[in-house]
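Commentary on secondary and tertiary structure
If you want the building blocks of each chain, they are given just below.
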Amino acid sequence: YNHWRELKTDIAYQAIQRIRATGAEIRSQGPLLAHINDNADDWAKMWREQVRVGIIPYYMFVERDTGAQHYFEVPLARAYEIYRDAIKQVSGLARTARGPSMSAGPGKVEIQGVTEVNGEKVFVLRFIQGRNPDWVQRPFFAQYDETATWLNHLKPAFGEEKFFFEDEYNAMKPV
Ligand SMILES: *Cc1c(COP(=O)(O)O)cnc(C)c1O
C-alpha cells in the first residue's frame, strides 16, 4: 500500500476480509514517494486504517535506485522526519512499521535517527538484514547529509574512511 485511499473502497475492504477469513495474516509495506505520500499524516492515517481492518504495518521503504527514482525520491533526512512524525501519532499497535529502510546491496539499512556526537551531526543507521547476518542490529554512523537519497550517497562519520561492512561486502561481490 502506498496510500490510505487504497484501503477505502468496498471492494478493497472485502478482499482484505476474504484473505483474513482464510486464516492468513496480512502485513503491509510501501515506499515513501514524492508527490504521492511524502507527508506524515498520510502515513499515520494509512497505518491506523490498516490496523483497523486487520493488517499489520511492516515496512516504510525508501524509494529505490531504479528508473523513476529522480521523480519519486525523498531525501533520507526528510524520510526519517516523515517516519518519526507518523509513528509518534499512532497507537502502539501501528508502531510495528519499521523504517525508513533501504533495500540496498549490503542489506536492508534502516535510518534510526539523526543526532549529534561531539559536535558532528550524524545519521544513526542499522542493518535490519545484512549479507552477513553478523552485521544485523549493529549501530553505525554516517555524516548527516540533507540531500542524500540512498546508502551510496552516505559517507562514514567521525573521519572514518569506510563503513564497517564495506571491505567484507566488496569481497563478496562478483567481479
Ligand atoms: C525486506 C523486503 C521485504 C520483506 O522481507 P522480510 O524478510 O520479511 O523482511 C519485501 N520487499 C522488499 C523490497 C524488501 O526489501
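These numbers were taken from a predicted model, which means no experiment stands behind them.

For the rest of this paragraph, the subject is the overall build of the protein chain. Counting secondary structure elements, the protein chain contains five helices and six strands. Helices and strands appear in the protein chain in the N-to-C order α-β-α-β-α-α-β-β-β-β-α. The C-alpha radius of gyration of the protein chain comes to 18 Å, within 12% of the 16 Å expected for a compact globule of 175 residues. On the principal axes, the C-alpha backbone points of the protein chain span a range of 55 × 35 × 30 Å. In the protein chain, buried positions account for 42% of the 175 residues.

This part takes up the sheet that holds strand β4 (residues 107–117). Here we have six strands laid out as an open sheet, ordered β1-β2-β3-β4-β5-β6, and mixed in their pairing. The open sheet terminates on both sides in strands that have one partner only, identified here as β1 (26–32) and β6 (140–143). Geometrically, the sheet is characterised by an average inter-axis angle of 40 degrees between neighbouring strands, direction not taken into account. Alignment of β1 against strand β2 (residues 55–62), held across seven bridges, turns out to be parallel.

Our focus in this paragraph is the site of the ligand. Every residue lining the ligand is accounted for by Gln 29, Tyr 58, Tyr 59, Phe 61, Ser 103, Lys 108 and Gln 129. Gln 29 is positioned with one of its side-chain polar atoms (N or O) 3.2 Å from a nitrogen atom of the ligand. Side-chain polar atom of Gln 129 to an oxygen atom of the ligand: 2.8 Å apart, as the coordinates give it. Tallying contributions element by element places β2 first for the shell around the ligand, with three residues. When the residues that make up the shell around the ligand are grouped by side-chain class, the tally is three nonpolar, three polar and one charged.

Moving on, we come to the environment of Trp 135. Within the element layout of this structure, Trp 135 appears in the loop between β5 (120–130) and β6. Trp 135 sits in the buried class, given a relative accessible area of 1%. For Trp 135 and Gly 107, which are 28 residues apart along the polypeptide, the C-alpha to C-alpha distance reads 9.0 Å. If near-sequence neighbours (up to four positions away) are discounted, Trp 135 is found in contact with Pro 106, Phe 127, Gly 130, Phe 164, Phe 165, Glu 168, Tyr 169 and Met 172. A distance of 3.1 Å separates polar atoms of two side chains, one belonging to Trp 135 and the other to Glu 168.

To continue, consider the packing of helix α2 (residues 40–52) against helix α4 (residues 76–87). Contact geometry for α2 and α4: axes closest at 8 Å, N-to-C directions at 45 degrees. The angle between the axes of α2 and α4 places the two elements in the oblique class. The two elements α2 and α4 meet at a crossing, and its hand is right-handed. Residue-level contacts link Ala 40, Trp 43, Ala 44 and Trp 47 of α2 to Ile 82, Tyr 83, Asp 85, Ala 86 and Ile 87 of α4. Split by residue class, the contact of α2 with α4 holds eight nonpolar, no polar and one charged.

Cut-offs and rules
- Residues numbered from 1 in each chain as written.
- Predicted model: local features only at pLDDT ≥ 70, side-chain atom pairs only at ≥ 80, totals over all residues.
- Heavy atoms only, no water.
- Helix = DSSP H or I, 4+ residues; strand = E, 2+ residues; numbered from the N terminus.
- Rg over C-alpha atoms; globule rule 2.2 N^0.38 Å.
- Buried < 20%, exposed > 50% of the residue type's maximum accessible area, 1.4 Å probe, protein only.
- Pairing = 2+ DSSP bridges.
- Axes fitted to C-alpha atoms, helices over the stretch in contact; angles between N-to-C directions.
- Near = heavy atom within 4 Å.
- Polar contact = N/O pair within 3.5 Å; in protein donor to acceptor, adjacent residues only side chain to side chain.
- Nonpolar A, V, L, I, M, F, W, Y, C, P; charged D, E, K, R; others polar.
- Contact = heavy atoms within 4.5 Å.
- Parallel < 35°, antiparallel > 145°, perpendicular 65-115°, else oblique.
- Left-handed = near helix turned anticlockwise from the far one by under 90°.

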